[in-house]
Amino acid sequence: MKTESNEAQERDWASLPQDVLNLIAKLLNEITHFVRFRAVCPSWRSSTPVTYLAPQFPWILDKRKDPHDPNLSFYSIPFNKIYTINAPSYLNKILSGHSNGYMFTLSQRHQAVSLLNPLNNHDIPLPAYQLVGSPHWIGSQQTKMGAYVVCYGHSGHKSPKLVFCHPGQNYWQELELSSDYTDCHHFYLRGMLFSIERSTGATKVTNIADGTLAYVIPPIEGHLGNCAEYLVEDSRGDILRVPRYNPSFINSFDVYRVDVATKSGLPCWVKVNNIGNQALFMDRDGGFALRASHLSGIKENCVYFLKKIFIRVHMEPSYGIERMDIETGGVRMSFGCCINQTEE
C-alpha cells in the first residue's frame, strides 16, 4: 500500500487543472516569476499564455553613466535587484518615458528614432529626425501605442520646440513654442501640452495640433519655484499634479487634482488627501499611478519614491524607497537601502 508521502512524491504536477494554474498566474506580479512559472513544463506554458500576464510591479530604468554602454539596467522593487538587459549596439540614447512597454530611443549618429521593447529587442522605427540639443520624452508614462509619441528639445533657438508623430506616420510634426514656454516643466497628457511655469506655478494648457492656448490653471497656494513637478493621469482618468519638496534631504509630496468644472468656469488645482485604491510611483525623472489592489504588499493612497543612495564616493550606489501616506502627510517610512545585485 502506498503511503501518503509516496503519493505526494508521485503526484503529476504537470496535470494541475487549468483554472488552478490561472489562479496562481494571477498572483505573479513580478515578470521573472511569470517567466519561470511558464518554463516549468509545456502544460504550464500552454495554460498561461503571455497575454495572460498579471498586473506587474514596475521596473524602473537606471540611467547609464556611459551612453555607449550596451546594457540597460532596471531596478525591480519587490526583489531589490538590478536586472541587466543587452541593448542594440547602435543605441546612443534612451529618452525618459515609454509607450505601452516600448522605450523612446535615439541613435544620434544615424538620426534614427525608434520605439524599443527592451525585453525582446523588438524595434519600431519612427521617421528620422535630427534632434538638436537635449531632447527628452514628455509623453505620458502610460501612453497607449495609438497615441502620439512626443519629444521636446531645443533647436538652437531660445524658445523650445515640440516634435511629435503618430505610430504609422512617416513624418514628424513640429510646433515652435514662444519664449513664454522656456522655463517650464512640460508634460503631454490627453493630446494637450501642460506647461508648469517654474517661477509662478501657473499651468498653461496648449493644444499641440495648432499651438493654441486652451486655458491657464492658476498656481497652487504656496507654490515653491524650486520644487520638482510631476503630472500623472491616474487609473480613474484624473490628472494629478504632485510637487516634490526636499527639505533636509527628506522628500515630501502634495497631491492636487485638476478641476475644470468649477462654479466660476475656470479650472483650478484642488488639493486631495485620498486617491482611493491607487499608489503613485515616482523617481527623479517621472511618475505613474497603479491600482494598489493589483500589487501585493503595496499600500493604497501612498506615494512611493525611489532614490539612489551614495554611501561612499567610489562605491556603486544602492537604492532606497520612501513611502508617504497621502492622507497623513507627515508620516513617511523609509525601506532601507537595497543591496545592488545584478542578474542577467
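From a predicted model like this one, the values you see are computed outputs, not experimental measurements. (Residues numbered from 1 in each chain as written. Predicted model: local features only at pLDDT ≥ 70, side-chain atom pairs only at ≥ 80, totals over all residues. Heavy atoms only, no water.)

### Details of the overall build of the chain
Spelled out, the test is: Helix and strand definitions here come from DSSP, where helices need a minimum of 4 consecutive H or I residues and strands a minimum of 2 consecutive E residues; each element is numbered from the N-terminal end. For every residue, the accessible area obtained with a 1.4 Å probe (protein chains only) is divided by the maximum for its type, and the residue is called buried under 20%, exposed over 50%, and partly exposed between those limits. The Shrake-Rupley method, run with a 1.4 Å probe, gives the accessible areas here. Residue values count only the displayed protein chains as cover.
Within the chain, the secondary structure is distributed over 4 helices and 26 strands. Per-residue burial over the chain gives 45% buried out of 344 residues. Surface summary for the chain: the accessible area is close to 18,300 Å², and the carbon and sulfur share equals 53%.

### Quick look at the confidence of the model for the chain
As a reminder of what qualifies: For every residue, the predictor states its confidence as a pLDDT score lying anywhere from 0 to 100. The contact rule is simple, with two residues in contact once any of their heavy atoms fall within 4.5 Å.
Across the chain, pLDDT averages 77, with 74% of residues at or above 70. Here strand β26 (residues 342–343) stands out as the element of the chain with the lowest mean pLDDT, 46, in contrast to strand β20 (residues 268–271), whose mean of 94 is the highest. The low-confidence segment residues 335–344 (pLDDT under 50) makes 29 contacts with residues lying over four places distant or belonging to another chain.

### Things to note about the pattern of salt bridges
In a structure, side chains of opposite charge can pair up when their charged atoms sit close to one another. We count it as follows: By convention in these notes, a salt bridge is any Lys or Arg side-chain nitrogen within 4 Å of a carboxyl oxygen on Asp or Glu.
For the structure on display, the rule yields 7 salt bridges. With its nearest N and O atoms 2.7 Å apart, the salt bridge here joins K204 to E197. We note that K204, like E197, is buried.

### A few points about the sheet that holds strand β13 (residues 192–197)
Let me state the cut-off plainly: Following DSSP output, two strands are said to pair if at least two bridges run between them. The convention used is that axes are lines fitted to C-alpha atoms, helices contributing only their stretch in contact, and that angles between N-to-C directions extend from 0 to 180 degrees.
Overall, antiparallel pairing links the 4 strands, which are arranged β12-β13-β14-β15 in an open sheet. Each edge of the open sheet is held by one strand with a lone partner, namely β12 (184–189) and β15 (213–217). Within the sheet, the average angular offset between the axes of one strand and its neighbour, ignoring direction, is 20°. In this sheet, strand β14 (residues 203–207) lies alongside β13 in antiparallel orientation, the contact comprising 5 bridges. What sits directly across from S195, in β14, is K204.

### Examining the side chain of T203
As a reminder of what qualifies: Polar contacts, as counted here, are pairs of nitrogen or oxygen atoms within 3.5 Å of one another; within protein the pair requires one atom able to donate a hydrogen and one able to accept it, and residues that are adjacent in sequence qualify only if both atoms are side-chain atoms.
Examined against the element boundaries, T203 turns out to sit in strand β14. In this structure the side chain of T203 is engaged in a polar contact, spanning 3.5 Å, whose partner is the side chain of R241. Those residues in contact with T203 that sit more than four places away from it in its chain are F194, S195, I196, Y215, V216, I217, R241 and W269.

### Examining the packing of aromatic side chains
Short version of the rule: Note on aromatic contacts: the rings of Phe and Tyr and the six-membered ring of Trp form a pair at centre separations within 6.5 Å, being stacked when their planes are under 30 degrees apart, edge-to-face when over 60 apart, and tilted otherwise. Two conditions define a charge sitting above a ring: the NZ of Lys or the CZ of Arg must be within 6 Å of the ring centre, and it must be within 35 degrees of the ring normal.
This structure, assessed with the given rule, holds 4 aromatic pairs. Between F37 and W44, the ring centres sit 4.8 Å apart and the planes meet at 35°, which makes this aromatic pair tilted. Ring geometry for F281 against Y304: centres 5.4 Å apart, planes inclined by 15°, an arrangement best described as stacked. Residue F281 is found in strand β21 (residues 278–282), and its partner Y304 is found in strand β23 (residues 302–309); the two are separated by 23 residues along the sequence. In textbook terms, an aromatic cluster arises when at least three aromatic residues are bridged by ring pairs, as seen for F281, F288 and Y304. It is K204 that lies over the ring of Y181; its NZ or CZ is 4.8 Å from the centre.

### Thoughts on helix α3 (residues 31–38)
Burial in α3 covers these residues: T32, F34, F37 and R38. Buried-residue contacts for α3 involve α2 (18–25), α4 (42–47), β1 (59–62) and β3 (81–86).

### Thoughts on the pairing of strand β10 (residues 161–165)
Counting buried positions along β10 gives 5 out of 5 residues, so the element sits mostly inside the fold. Burial along β10 is two-sided: K161, V163 and C165 and L162 and F164, pointing in opposite directions, are all buried. Sheet topology note: the β10/strand β11 (residues 173–176) ladder contains 4 bridges and is antiparallel. Bridge pairing links L162 to L175 in β11.

### So, the side chain of N22
Following the sequence through the fold, N22 ends up in helix α2. Of the residues examined, N22 reaches a relative accessible area of 17% and is grouped as buried. Apart from the residues lying within four places of it in its own chain, the contact partners of N22 are S47, T48 and Y52.

### A word on the nonpolar core
The condition is simple: As used here, the term nonpolar core means buried Ala, Val, Leu, Ile, Met, Phe, Trp, Tyr and Cys residues forming a set that is joined through side-chain atoms within 4.5 Å.
Judged by nonpolar contacts, the single largest core of 16 residues is most densely connected at Y75, I77, F281, I298, Y304, L306 and I321. Every element with two or more residues in this core is listed here: β21, β23 and β24 (318–325). Ranked by residue count, the leading element in this core is β23, at 3 residues. The residues touching I298, leaving out its near neighbours within four places in the chain, are F57, A279, F281, A292 and Y304.

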